[in-house]
Amino acid sequence: MSVTAAAGFLAAGVAAGLKTPDEEGRQQLDLALVVNTGPTKHAAAVFTTNKFAAAPVLWSRQVISDGRADAVVLNSGGANACTGAEGFQDTHATAEQATRALSSAGHDVSATDVLVCSTGLIGDRLKMAALLPGVDAAVAQLGDEELEDGVAAAEAIMTTDTLYKVASDYTETFTVGGMAKGAGMLAPGMATMLSVITTDAVISQADLDAALREAVRLSFNRADSDGCMSTNDTVIAMASGAHPRADQNGVDLLQFQEVLNGVCADLARQLIDDAEGAAHSIEITTVNAPTEQDAETVSRAVARSALFKTAIFGQDPNWGRILSAVGTTEVDFDPTQVNVSINGIQICRGGGIGQDRSLVDLSAREVKVLIDLNAGVSEATILTNDLTHDYVHENSVYST
């Protein structure tokens, strides 16, 4: 599982002291390192479109521009966003520290090939006196077979997450593994959080980039917890070409896309399942739309309706709130032909009353909403969650 499922990758997670100790006074893991040992060092990334992009995003955009990355340093305990020139210098210093430590350990790495990711509170400088020694500690742990390195790395990037998120899948000629973090500020614009995906496939940088963007489009960009986009969102894919049975002529791109899509979809669903304060995970599928984009637009409109989300929290199958959200879109459909089902009960038929809404059971965690526009043949699914008292409380005291 995780980023070390694929051959050619090392990882570590350490407690650098960036986070406050837990309730029992124990230091929490807060710095992760992922290293590609090759033979290839192809990489691709997708970043937030937020205009207030954090310093590590600005740095990593430059690093990835040549399609190569040897390592990724990730920290929780501080976003390093809106920190000005000093924050960018801190990111640069992190990459330089990783370069020195990795070079001393026998890895030939340049700072311009080290990606950096940060997550946590916006508007505070990082504790560099803790972070830099943490990088050294992470390098020292690389390759320690007694440590669950992939899991530790995934734990180290958690913020308000209650569970670490990892996934992997494999074929005879390649493996794809990954980790992600995110429990709030989950809304698309590229992705929704921090994620590192690794593969030992033999694949060109251009094909890796194209595959990542398609996988992100179908997974992370369709996970929409609260409509709020982070300043730090980053998804990174790295390819080592180190699988012992890799096809040296190149991977089957259709097969690779399918596996990568599955790993990213798995991680995206884990993010929604762990969304801040959520009591329900909701899958909203729109079918028979004029285009796939139309179907996505309709599903997202419902996912972002506070009225709909609070209704699900209260276990109230109020289909009027769904129709109201659908009706705000510019999608071309006949309102008298729209059907809506919740958990298999068609409570709205032809834009009007369907089955008795009391038949809908919303006591379970999983909720499935099906919207049939009867206006085409396309479909799309958005993953979201309900809006709860706990979400409001958690986010009302986040910085205090």
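Residues numbered from 1 in each chain as written. Predicted model: local features only at pLDDT ≥ 70, side-chain atom pairs only at ≥ 80, totals over all residues. Heavy atoms only, no water.

Student: Explain the overall build of the protein chain to me, please; I cannot follow it from the model alone.
Tutor: The helix and strand inventory of the protein chain stands at ten helices and 15 strands. Relative to the globule expectation of 21 Å for 400 residues, the C-alpha radius of gyration of the protein chain, 22 Å, shows essentially globular dimensions. Taken over the C-alpha atoms alone, the protein chain extends approximately 70 × 55 × 40 Å along its principal axes. When each of the 400 residues of the protein chain is scored for burial, the buried share is 55%. Residue pairs in contact within the protein chain that sit at least 24 positions apart in sequence constitute 80% of those at least 6 positions apart. Element-wise, carbon and sulfur atoms account for 50% of the exposed surface of the protein chain, whose accessible area totals about 16,300 Å². Charged side chains in the protein chain number 24 positive and 52 negative. The centres of these two groups are separated by 4 Å. (Helix = DSSP H or I, 4+ residues; strand = E, 2+ residues; numbered from the N terminus. Rg over C-alpha atoms; globule rule 2.2 N^0.38 Å. Buried < 20%, exposed > 50% of the residue type's maximum accessible area, 1.4 Å probe, protein only. Contact = heavy atoms within 4.5 Å. Areas by Shrake-Rupley, 256 points an atom, 1.4 Å probe, with all protein chains shown as cover. Lys, Arg positive; Asp, Glu negative; His and termini not counted. Charge placed at Lys NZ, Arg CZ, Asp CG, Glu CD.)

Student: In this structure, what is going on with the packing of helix α5 (residues 205–218) against helix α6 (residues 253–273)? I would like to understand it.
Tutor: Helix packing geometry: the angle between the two helix axes and the distance between the axes. As a packed pair, α5 and α6 sit with axes 9 Å apart at the nearest point and diverge in direction by 40°. Judged by the inter-axis angle, α5 sits oblique to α6. Seen along the crossing, α5 lies across α6 with a hand that is right-handed. Two secondary-structure elements touch here, α5 through Asp207, Leu208, Ala210, Ala211, Leu212, Glu214, Ala215 and Leu218 and α6 through Leu253, Phe256, Gln257, Leu260, Asn261 and Cys264. The residue inventory of the contact of α5 with α6, partitioned by class, reads ten nonpolar, two polar and two charged. (Axes fitted to C-alpha atoms, helices over the stretch in contact; angles between N-to-C directions. Parallel < 35°, antiparallel > 145°, perpendicular 65-115°, else oblique. Left-handed = near helix turned anticlockwise from the far one by under 90°. Nonpolar A, V, L, I, M, F, W, Y, C, P; charged D, E, K, R; others polar.)

Student: What exactly am I supposed to notice about helix α9 (residues 319–326) here?
Tutor: An α-helical turn contains 3.6 residues, so any two residues separated by three or four positions project in the same direction. Taken together, the buried positions of α9 are Trp319, Ile322, Ala325 and Val326. Along the axis of α9, the buried positions cluster into a sector of 120°, meaning they face one direction only. Packed against the buried residues of α9 are α7 (292–303), α8 (306–313), β11 (339–342), β12 (345–349), β13 (352–353) and β14 (366–372). (Arc of directions from axis to C-beta.)

Student: In this structure, what is going on with the pairing of β12? I would like to understand it.
Tutor: Sheet faces and side chains relate simply in a regular strand, where the side chains alternate between the two faces. Bridge analysis of β11 against β12 gives three bridges, and the strand direction is antiparallel. Paired with Val340 across the bridge in β12 is Cys348. The turn linking β11 back onto β12 is made up of two residues, and Asn343 within it adopts a positive phi angle of 50°. Here two bridges tie β12 to β13, and the two strands are oriented antiparallel to one another. Directly across from Cys348, in β13, lies its bridge partner Ile353. Adjacent in sequence and paired antiparallel, β12 and β13 are bridged by two residues, among which Gly350 carries a positive phi angle near 65°. (Pairing = 2+ DSSP bridges.)

Student: Is there a simple way to explain α6 in this structure?
Tutor: With 21 residues, α6 should cover 30 Å at 1.5 Å per step; its first-to-last C-alpha distance of 30 Å lies within 8% of that length. Among all positions of α6, only Phe256, Gln257, Val259, Leu260, Val263, Cys264, Leu267, Ala268, Gln270, Leu271 and Ile272 are buried. Residues of α6 that are buried make contact with β6 (165–170), β7 (175–181), β8 (194–199), α5, β10 (281–289) and β15 (378–385). (Expected span 1.5 Å × (residues − 1).)

Student: I'm lost on the sheet that holds β6 in this one. Help?
Tutor: The five strands are arranged β3-β9-β8-β7-β6 in an open sheet whose pairing can be described as mixed. In the strand order of this sheet, the two ends are held by β3 (42–47) and β6, each with one partner. The average undirected angle you get between the axes of adjacent strands in this sheet is 10°. Alignment of β8 against strand β9 (residues 234–239), held across six bridges, turns out to be parallel. Within the sheet, the bridge partner assigned to Val196 lies in β9 and is Ile236.

Student: When you look at the side chain of Ser341 in this model, what are you seeing that I'm missing?
Tutor: The residue Ser341 is located in strand β11 in this model. Each residue touching Ser341, except ones within four places of it in the same chain, is listed here: Gln346, Ile347, Lys368, Val369 and Leu370.

Student: What's the story with the pattern of salt bridges in this structure? I'm lost.
Tutor: When the charged atoms of two side chains lie near each other, side chains of opposite charge can form a pair. Summed over all chains, the structure comprises 17 salt bridges. As a salt-bridge pair, Arg26 and Asp22 come within 3.0 Å of each other at their nearest N and O atoms. Across the pair Arg222 and Glu292 runs a salt bridge whose closest N-O atoms are separated by 2.6 Å. On the criterion of sequence distance, the pair formed by Arg222 in the loop between α5 and β9 and Glu292 in helix α7 is long-range, its members being 70 residues apart. Residues joined by salt bridges that share partners form a network here, namely Glu214, Arg217, Arg222, Asp224, Glu292, Glu296, Arg300 and Arg304. (Salt bridge = Lys/Arg side-chain N within 4 Å of Asp/Glu carboxyl O.)

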